[in-house]
Structure formats: structure tokens, C-alpha cells
Amino acid sequence: MTKFADLNLNPKVLKAIEEAGYESPTPIQEGAIPAALEGRDVLGIAQTGTGKTASFTLPMITRLARGRARARMPRSLVLCPTRELAAQVAENFDTYAKHVKLTKALLIGGVSFKEQDAAIDRGVDVLIATPGRLLDHFERGKLLLTGIEIMVVDEADRMLDMGFIPDIERIFSLTPFTRQTLFFSATMAPEIERITNTFLSAPERVEIARQATTSENIEQAVVLFKASRKDREATEKRRVLRALIDQEGESVQNAVIFCNRKMDVDIVAKSLKKYGYDAAPIHGDLDQSQRTKTLDGFRDGALKILVASDVAARGLDVPSVSHVFNFDVPGHAEDYVHRIGRTGRAGRDGKAITICSTRDEKLLEAVESLVQKEITRLENPVKVEPRKPRKTAADTDAPKEEKRTRSRKTADKPEKKTEEKVEAAANTNTSTQTEQKPQRGRGGKGRNDRRDDKVVVGMGDHLPSFIALSFAERRAG
DNA sequence: AAAAAAC
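Everything numeric in this text was worked out from a predicted model, so none of it was measured.

A. Looking closely at the side chain of Arg179. Checked against the element boundaries, Arg179 lands in the loop between α8 (165-174) and β6 (180-185). Within polar-contact distance, the side chain of Arg179 engages the side chain of Thr175 at 3.0 Å. Excluding residues within four positions of it along the chain, Arg179 makes contact with Asp41, Ile148, Glu149, Met151, Phe172 and Phe199.

B. Examining the side chain of Gln116 more closely. Looking at the element boundaries, Gln116 is found in helix α5 (residues 113-122). For Gln116, a relative accessible area of 5% corresponds to the buried category. Ignoring sequence-local partners within four residues, the contact set of Gln116 consists of Leu106, Leu107, Ile108, Val111, Arg133 and His137.

C. Just the sheet that holds strand β1 (residues 42-45), in detail. A sheet is described by the order of its strands in space; here seven strands give the open sequence β3-β4-β2-β5-β6-β1-β7, paired in parallel fashion. The open sheet has two free edges, formed respectively by β3 (104-107) and β7 (204-207), since each of these has just one partner strand. Ignoring which end each strand starts from, the neighbouring axes of this sheet average 10° apart. Strand direction decides the pairing type here: strand β5 (residues 150-153) and β6, joined by four bridges, are parallel. Note on β6: the bridge partner recorded for Val152 is Leu182. Across the face of the sheet, helix α2 (residues 27-37) comes into contact with β1, β6 and β7 while running at roughly 170° to β7.

D. Structural detail: the UniProt feature "domain: DEAD-box RNA helicase Q" (unreviewed entry) in chain A. With numbering matched to this structure, UniProt assigns "domain: DEAD-box RNA helicase Q" (unreviewed entry) to residues 2-30. The distance separating the terminal C-alpha atoms of residues 2-30 is 8 Å; by composition the span is 45% helix and 0% strand.

E. Local environment of the packing of α5 against helix α6 (residues 131-139). Where α5 meets α6, the axes come as close as 12 Å, and the angle between the chain directions of the two elements is 65°. Judged by the inter-axis angle, α5 sits roughly perpendicular to α6. By crossing handedness, the relation of α5 to α6 is classed as right-handed. Note on element contacts: α6 touches α5 through Arg133, Asp136 and His137, opposite Phe113, Gln116, Asp117 and Ile120. In the contact of α5 with α6, the residues fall into two nonpolar, two polar and three charged.

F. Unusual backbone geometry, seen in detail. A positive phi angle is found at Asn8, which is not glycine, with a value near 70°. Inspection of the secondary structure assignment puts Asn8 in the segment before α1 (11-19). You will see that Glu155, though not glycine, has its phi angle at about 55°, which is positive. Looking at where Glu155 falls in the secondary structure, it is placed in the loop between β5 and α7 (156-161). The buried category is assigned to Glu155, whose relative accessible area is 7%.

G. α6, seen in detail. Every buried residue belonging to α6 is among Pro131, Arg133, Leu134, Leu135 and His137, and all of these are buried. Buried residues along α6 sit against β2 (76-79), β3, α5, β4 (126-129), α7 and α8. Directly beyond the C-terminal end of α6, a positive phi value near 75° is found at Gly141.

H. Representation of the protein's contact with DNA strand B. Around DNA strand B, 23 residues are found, and the nearest of them are Arg133, Lys262, Gly284, Arg291 and Ser309. A share of 69% of the atoms of DNA strand B within 4 Å of the protein falls on sugar and phosphate groups. At 2.4 Å, a backbone N or O of Gly284 approaches a phosphate oxygen of DNA strand B. Here Ser309 contributes a side-chain N or O atom positioned 2.6 Å from a phosphate oxygen of DNA strand B. Of the residues forming the surface near DNA strand B, the biggest block, three residues, is contributed by α6. Grouping the amino acids of the surface near DNA strand B by side-chain chemistry returns six nonpolar, nine polar and eight charged.

I. Here's a closer look at helix α12 (residues 288-299). Taking 1.5 Å of rise per residue, 12 residues should cover 16 Å, and α12 covers 16 Å from first to last C-alpha, within 8% of that figure. Within the span of α12, buried status applies to Gln288, Arg291, Thr294, Leu295, Gly297 and Phe298. Where α12 is buried, its residues touch α4 (83-96), β9 (255-258), β10 (279-282) and β11 (305-308). Of the residues trailing α12, Gly301 is marked for its positive phi of about 85°.

Analysis parameters
Residues numbered from 1 in each chain as written. Chains lettered and ligands numbered in written order. Predicted model: local features only at pLDDT ≥ 70, side-chain atom pairs only at ≥ 80, totals over all residues. Heavy atoms only, no water. Helix = DSSP H or I, 4+ residues; strand = E, 2+ residues; numbered from the N terminus. Polar contact = N/O pair within 3.5 Å; in protein donor to acceptor, adjacent residues only side chain to side chain. Contact = heavy atoms within 4.5 Å. Buried < 20%, exposed > 50% of the residue type's maximum accessible area, 1.4 Å probe, protein only. Pairing = 2+ DSSP bridges. Axes fitted to C-alpha atoms, helices over the stretch in contact; angles between N-to-C directions. UniProt positions renumbered as here; feature names shortened; annotations may be inferred. Parallel < 35°, antiparallel > 145°, perpendicular 65-115°, else oblique. Left-handed = near helix turned anticlockwise from the far one by under 90°. Nonpolar A, V, L, I, M, F, W, Y, C, P; charged D, E, K, R; others polar. Near = heavy atom within 4 Å. Expected span 1.5 Å × (residues − 1).

Right, dumping it as C-alpha cells:
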């Protein structure tokens, strides 16, 4: 079996690898490192979790260990689709370059330019960046890409999904064509194929068998969920989620809960917190310091439940998670594979439970045909409640709160939008919660009096018809 | 129907 020691890496890099506790390269590393060390282009087809990052950082450090960077002329460039991924790559450089003198800068959005500018001015060997911020620096004339010796494109298929390909092409065109290019993608979509044909020359192609289906040690289940009433769908769905978490009990060491929308990420996280769960949200509308803080807390075990958008579905290096819950069935079946791949890593067992609303059954079919198996149906852990009186105070309250959320959303205060949404969502929750508890009588117009539907409360029978509709329906109609 | 990424 090949050892790192057989790979011609810089002895100082080997020492750091050893200290990190590694001895043998993964298949992608074994395939990519020798070619990269020879200065050849590499086309790596592999997913996260295969050791992809080290397959380019190790040879890069070895090659960059000689020579020094000049001001504003970085010697190498790594492009990543998300800020978190870029930060992870930077950490990887720190780990393996700790015995080598190497300077680096992390150029990502959401943080101030000042420190980034200063680092570039000093001169860096490695620039790790998301495309938007990199081009921003370039356009300010702060950066020259003509000194790039090695360029890495990480997670190219995700860049494609996110519409970054024009940016990537532009960045390629700003670097010398003599550069070495290391290009990584999980799939080879036609557009990716085109890019590699244009910008790579005689690459060493290293392909790691794709996890076409999901790993065997992940137990998968789905709960088919139907709301008792349209306007209570969101509330009841959150309730199903809590019941599922409770049902798993102690076996939930840590979990990621995925939602399809950022707003739901906020609402679900807020709601879980309210009910005493240790949960925090992460998505692209939260500011960067918050994102970093939350993710760090989750990594070191201080936070138990991460409620996430698909920002966390791919590429995020979250240590093995015991559970993944899909609050929504993902809109793209492939994302299902990425999401549940957050659990069952490194041979450990994991469990993935998906909540599927009636309207998402088509999406579930798509998922099942992709993973090529039928996902075990789980009984809805929330028992059907005895029929409730048709109208309660909460029923008239809740839509009012929603209405407020909506009008606030249109206010021109973009910087506070997210915060207000959460706040409004929390208000919605409050009324929701009340809804499930027995109502206290209120000036003789208590619950019992209303059972016969005789007493007029709030708007009484004169409910504008749109109020009874869900948000989605209002928007659609 | 969405998320991500620049200010």
C-alpha cells in the first residue's frame, strides 16, 4: 500500500501529515498528488469526504515551498463556491504548511476589505477566495493575477449551479496560460466538460467512483405528513419534527436539520429554541461572523442541532453527525444525497429522517429513483388530535401576525430584514404555541362559550377569504 | 418553490 512517504512530498509537509495522524493517502490523493507534483494539470472527479482538499494542498505546499511571493502578486489561487468552504481550505493549508514558511490570504465576502488588502499588499503565496470577492479586489486594482503559478477550482459543479462559471472563465483569462491548473468536480456536466477542454491542458484525469447511491450505514426513513388544515401546516410540521427528535431520544448526539428555504431555517431554529432544544440556524443571509460562530460551535460540540439551508448540504466539513432531518424534501434529488451524506461518515452509523408533505410526494419519488431504493415509511409520531372547536382566539390572531410579517417584509430596511423576519416568526410561534394549550377564558368569551360558534370573536364570520389561505396560496393566487 | 455569491 502506498504511503505518503512514497509520494515525493516536502519532508516538512510529511512531518505535518504525520502529526495530523495520517499515514496513507486516499485514492484521490494517491491519484492526484504525483501528477500535481510533476506540474501537470489535474482533473479530479470526486466528492467531498474523499480527501479531495489535501489532494491539492499537499502538492501545492510542496511546490510553493521554494520561492517567495511579491507584493500584490499571489503565486497561487484556490477558488471555492462558498465562504465556509474557502475557510476550510485555508485551515487545511494551516495544518499542512505549519513547518513551511508560506503566506496566505482568505478573500471572502461579508468581512472587511482592510485586512484582506493588507495581506495582499504584503504578498501572498496562496490566495483562497470566493469568486465575487476576488473579482471585487481585482477591479479595485489591488490585485495582479499575472503571477499565478497554480490555480485550483474546487467543487466546479457547484460553481456551475450557482452561476459562477462566467466569473471562473474571467478569472482563468486573467491568469497566465502557463499556470498549472487543478480542477475538481463531483460530476462532469457538459458545461464543466467544456471548461476543462478550454482551460486544462492534457490533464491527468483522476476519477473516484461516485457514491451513486447513499452509503449503506445510513438508515433512511420518511414520514408522510398531511396537515389537518392548510393554514396549520407549518405549525404541525414543526411539531412532527420535534416528535421525531424526541423519538430518537438519546441517540441524537448531534444533528443537522435541512430546510429548503432560508426563512424556514430561521423559523424552525427559533421554534426549536423556544421549545428548549439546543439549536441554531445557518444560511446565507446571516452575517458572516454569525455563520462562523455557529459552525464552530457545532464542530466543537457546543451546539447540538444545526438548522441549515443547502449552504451546509455540500462540502461543509462537519464531523460525523448522528442524525440528519430533512424538514423538507429537497427540490433537487441530488441534494438529498449530499444532505444525508452529513451523517454515517467514516464508517459510523447514521440516521436520516425526512418529512414529506403531501405536495412534496413527487420530489420524494425523484429521490427514491435516484438512490434506487424505497425509503422506509415511518408512522407520523404525532397522534391525530381529537377534533377542536372550529374557531379559537389563536385562529384569528395567527393570520394577523402573518399579515404583519408580510407588510414589514416590504419595508425598505434591507439590513434589518432578516432580524425582523425572525422576530415576526417568533410572534407567530407564540400564538401557535397558545393554540395547542387549553385556552384560558377571556371575559366570558372563553373556549367553551365558543364551541357552539355563536360568539363573535375578532373578525367573527367576516373573515376576508385570503386570510384563510396559506402564504404560498396567497402568493400564487 | 430555492440557495449561494460582491458592494
